[in-house]
Amino acid sequence: MTAAQLPPVAPEVTATLVENLSPRLRKRLDAAVAKLGARPAHRDGDTVTIAVDDETDLRLHAPGGVVATADGIACGCLLAPACVHRAAAACAAPTADSAPESAGQPAPEAAEFAPHPDDTGTGTSTSTDNCIDTPTVHAPDVAGPAQRAAADALWSAAAAVLEAGVDGAGAVAQASLLRAAHTARLEQLPRAAGAALSVVTLLRAARAGDPSYRTAELVTALAELLGTAHRVGTASGVELDAVRGRARRPYSPDGSLRLYGLFTEPVVTASGHGGVRTWVAGPGGRLCTVGDVAPGGVGRALGVADRAVRLGESALTHRELGRAGLAVSGATVSPDGRLGAGKGVKAVTARGAAWTEPPLAALWETPPSQQAARALRSTSRYADPDGGGSDLLFLDVELRGAVREPGGTCLLAWCDGVPVRLAVADDDPALAHRDNLMLLAGAPGARLRIIGRLVPALHPRLALLACSHPTGEGTVDLGFDRLRRADLPVPDARTHPALPEPGNAGAHSPLHLLERRVEQTVPAGRAALGMLGDVSAEARRLRRAGLPTAAGLLVSLCASAAQRERDPFGRLLPADTDGFAAHWLSAARYTSAVSESLCAAAWEPTQGGPAAVPSKG
């Protein structure tokens, strides 16, 4: 049995079942979860049955796709309903979003624009559906006592996870987070509640050995949770509105829109969802998306690309829309640019525009460094989820050839004197990304107009999504369209000699000395960091590099991890988990801010590289 075979369980259900266990059974809960995972499961309509043993069955009833009450999990063993099996099943199942968005909207894990790499949730989705604007609720300018108490509970639960680390944050610790998340949701703190659910999902992935799990994602989720919980008690006015967040994505009426297709990209998530996202732009350069994402993986992504767009009366497929246009009336648009498809929306096919024609050509006129700064504001680990903006860059480049990296091969290109690495957006062999990039690597000197997604790094880096056709006719959706060698110009080494790659001071920053200590805490907990001993040499290196704040944070973090007070009889007192969490949060947020600053600086033009010129689009 895998978690994907089980229906999502509401957070409060899991928390209730765990809290009702006796202390003896709580100690056995993690082992019970692992044991249950090895048992076969069978689905029959809304009910999933797990064979606990040869004589006992456990049933999860999920009307509407979610187990919403504790009674929805029933066990046939002699100890039921006080048995460990019901709680184990709830802990093994995915966590349901307790405040789903409007009908048909993506659950966070399938979202086309996730605020953090760790966004999680469950559910079937498409990204265009009946979308109604959320009524304005005039919340108080400061958090009330109940909201502050809910935020404090979230902070305490997250600090306990940081204290124990992944290895010690089992089902009981996760249940505490789920209870705190449910309370926060009831107190109108959906942003913090969502962050708590993300932490739980990532903890489960880490403990299950999920190959898609990354420690950096859990670092981001924990820092988002701790930071948001802390700010509830200190923020006011507009800042507090952002800290509270929204329970659902609001779609606001936007009247009539004239849209021009840019490109279509496949969307394949680690949760098994698949589909497409088609990007369009308005006359003022405003970017919007039309998507269709649901369970199905890469196979669904390939199939949906040639299905009709669910928007008004348009008969265009997604790939056709990427090169055509739309005239939309009664449009509704979310803060991140998603077009709604409610009953009042009408859309008809209209003429598109080439990338070199107005209004699309203007997207390539903004200097790359300004585009990168804008994209960084969108991709920041701790950006306001309703902040909007796009992480796409529109560049004119000259290809220089393949560059080998530890993680594989990427394509080096020059853009206004800046060397840019163009990476594969998705390595799935069923998609065309990898093959197209390797073909383009064999055409040094080719000048292309490209669209890519910013990859935050200490050097300029993009995930390549679309480009002008090397022949100058039309455009290429690099995830779907497959280039041929006949499409490429013949390389001429005499005309386009190899160029050295300029250095990047940010690439040699010792910031990683602090970053690795922040990450090291998450798997093994505070105690592992407390055993490091003297870190003065690392602190001196940071100070010599002009990072005195990083040095101070490193020393304070390690000192807090090692600090344990004793009572008058010499017995160790409980560790100061709140104090350590505060030091860790400061270090995590600082390293993120400095990394983003170094990334932005890397996009500033340097001397010695050729400036690419526009190609025909």
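This text goes with the structure placed above it.
Residues numbered from 1 in each chain as written. Predicted model: local features only at pLDDT ≥ 70, side-chain atom pairs only at ≥ 80, totals over all residues. Heavy atoms only, no water.

(A) Layout of the environment of Arg453. Checked against the element boundaries, Arg453 lands in strand E13 (residues 447–454). Residue Arg453 is classed as buried on the basis of its relative accessible area of 19%. Excluding residues within four positions of it along the chain, Arg453 makes contact with Glu265, Arg277, Trp279, Asp391, Leu392, Arg461, Leu462, Ala463 and Leu465. A polar contact of 3.1 Å, which involves the side chain of Arg453, links it to the side chain of Asp391. (Helix = DSSP H or I, 4+ residues; strand = E, 2+ residues; numbered from the N terminus. Buried < 20%, exposed > 50% of the residue type's maximum accessible area, 1.4 Å probe, protein only. Contact = heavy atoms within 4.5 Å. Polar contact = N/O pair within 3.5 Å; in protein donor to acceptor, adjacent residues only side chain to side chain.)

(B) Region of the structure containing the pattern of salt bridges. Considering all chains together, one arrives at 27 salt bridges under this definition. Where Asp30 meets Arg207, a salt bridge forms, and the shortest distance between an N and an O atom there is 3.6 Å. Residue Asp30 is found in helix H3 (residues 29–37), and its partner Arg207 is found in helix H7 (residues 190–207); the two are separated by 177 residues along the sequence. Among the ionic pairs, Glu405 bridges to Arg461, the shortest N-O distance being 2.8 Å. You can see Glu405 sitting in strand E10 (residues 392–405) and its partner Arg461 sitting in strand E14 (residues 461–468), a full 56 residues away along the chain. (Salt bridge = Lys/Arg side-chain N within 4 Å of Asp/Glu carboxyl O.)

(C) Structural context of the sheet that holds strand E9 (residues 346–350). Here we have five strands laid out as an open sheet, ordered E7-E6-E5-E8-E9, and antiparallel in their pairing. If you trace the sheet from one side to the other, it starts and ends with strand E7 (287–295) and E9, each paired once. Neighbour-to-neighbour, the strand axes of the sheet open up by a mean angle of 35°, direction not taken into account. With nine bridges connecting them, strand E6 (residues 273–281) and E7 associate as antiparallel partners. Paired with Thr278 across the two strands is Val290, which belongs to E7. Docked against the sheet, helix H10 (residues 297–304) engages strand E5 (252–268), E6 and E7, running at close to 40° with respect to E6. (Pairing = 2+ DSSP bridges. Axes fitted to C-alpha atoms, helices over the stretch in contact; angles between N-to-C directions.)

(D) Region of interest: the sheet that holds strand E4 (residues 73–75). What the four strands build is an open sheet, ordered E1-E2-E3-E4; its pairing is antiparallel. Looking at the sheet topology across the chains shown, the edges are occupied by strand E1 (41–44) and E4. The mean angle between the axes of side-by-side strands here comes to 20°, regardless of whether they run parallel or antiparallel. Bridging between strand E3 (residues 57–61) and E4 involves three bridges; their strand directions are antiparallel. In the strand pairing of E4, Leu60 is matched with Ile73. On the sheet, helix H4 (residues 84–92) packs against E3 and E4 and is oriented at approximately 140° with respect to E4.

(E) Structural detail: the pairing of E14. Counting buried positions along E14 yields eight of eight residues, so the element is predominantly enclosed. Bridge analysis of strand E12 (residues 418–424) against E14 gives four bridges, and the strand direction is parallel. The partner of Leu422 across the bridge, within E14, is Leu462. Looking at chain direction, E13 and E14 are connected through five bridges and run antiparallel. Looking across to E14, one finds that Arg453 is bridged to Ala463. Counted along the chain from E13 to the antiparallel partner E14, the turn is six residues long. Looking at chain direction, E14 and strand E15 (residues 475–477) are connected through three bridges and run antiparallel. Bridge assignment links Ser468 to a residue of E15, and that residue is Thr475.

(F) Up close: the nonpolar core. Counting residues in hydrophobic clusters, the biggest one holds 68 residues, and the most contacted among them are Leu177, Leu218, Leu222, Val522 and Trp584. Core analysis: the second largest hydrophobic core is formed by 33 residues, Leu17, Leu36, Ala62 and Ala93 among them. (Core = buried A, V, L, I, M, F, W, Y, C linked by side-chain atoms within 4.5 Å.)

(G) Structural detail: the packing of helix H6 (residues 171–186) against H7. Where H6 contacts H7, the two axes come as close as 8 Å, and the packing angle between them is 160°. With respect to H7, the element H6 is oriented roughly antiparallel. Pair H6 / H7 crosses with left-handed handedness. Contacts from Gln174, Leu177, Leu178, Ala181, Ala184 and Arg185 in H6 reach Pro190, Ala193, Gly194, Ala196, Leu197, Val199, Val200, Leu203, Arg204 and Arg207 in H7. The residue inventory of the contact of H6 with H7, partitioned by class, reads 11 nonpolar, two polar and three charged. (Parallel < 35°, antiparallel > 145°, perpendicular 65-115°, else oblique. Left-handed = near helix turned anticlockwise from the far one by under 90°. Nonpolar A, V, L, I, M, F, W, Y, C, P; charged D, E, K, R; others polar.)

(H) Representation of the pairing of strand E11 (residues 408–415). For E11, the tally of buried residues reaches six of eight residues, placing the bulk of the element in the interior. Inspection of the sheet shows E10 paired to E11 by seven bridges, in the antiparallel sense. Each residue of the ladder has a partner; that of Ala402, found in E11, is Leu411. Here E10 folds back onto E11 in antiparallel fashion, the turn holding two residues. Sheet topology places E11 next to E12; five bridges connect them, and they run antiparallel. Considered in E12, the bridge of Leu411 is made with Leu422.

(I) Structural detail: unusual backbone geometry. Residues Ala80 and Pro81 are joined by a peptide bond in cis, for which omega reads 5°. The linkage connecting Pro358 with the following residue, Pro359, adopts the cis geometry, with an omega of 5°. Along the chain, Pro359 falls in the loop between E9 and helix H12 (368–379). Phi at Gln188 is positive, roughly 65°, even though this residue is not glycine. Looking at where Gln188 falls in the secondary structure, it is placed in the loop between H6 and H7. Phi is positive for Asp416, which is not a glycine, with a value near 50°.

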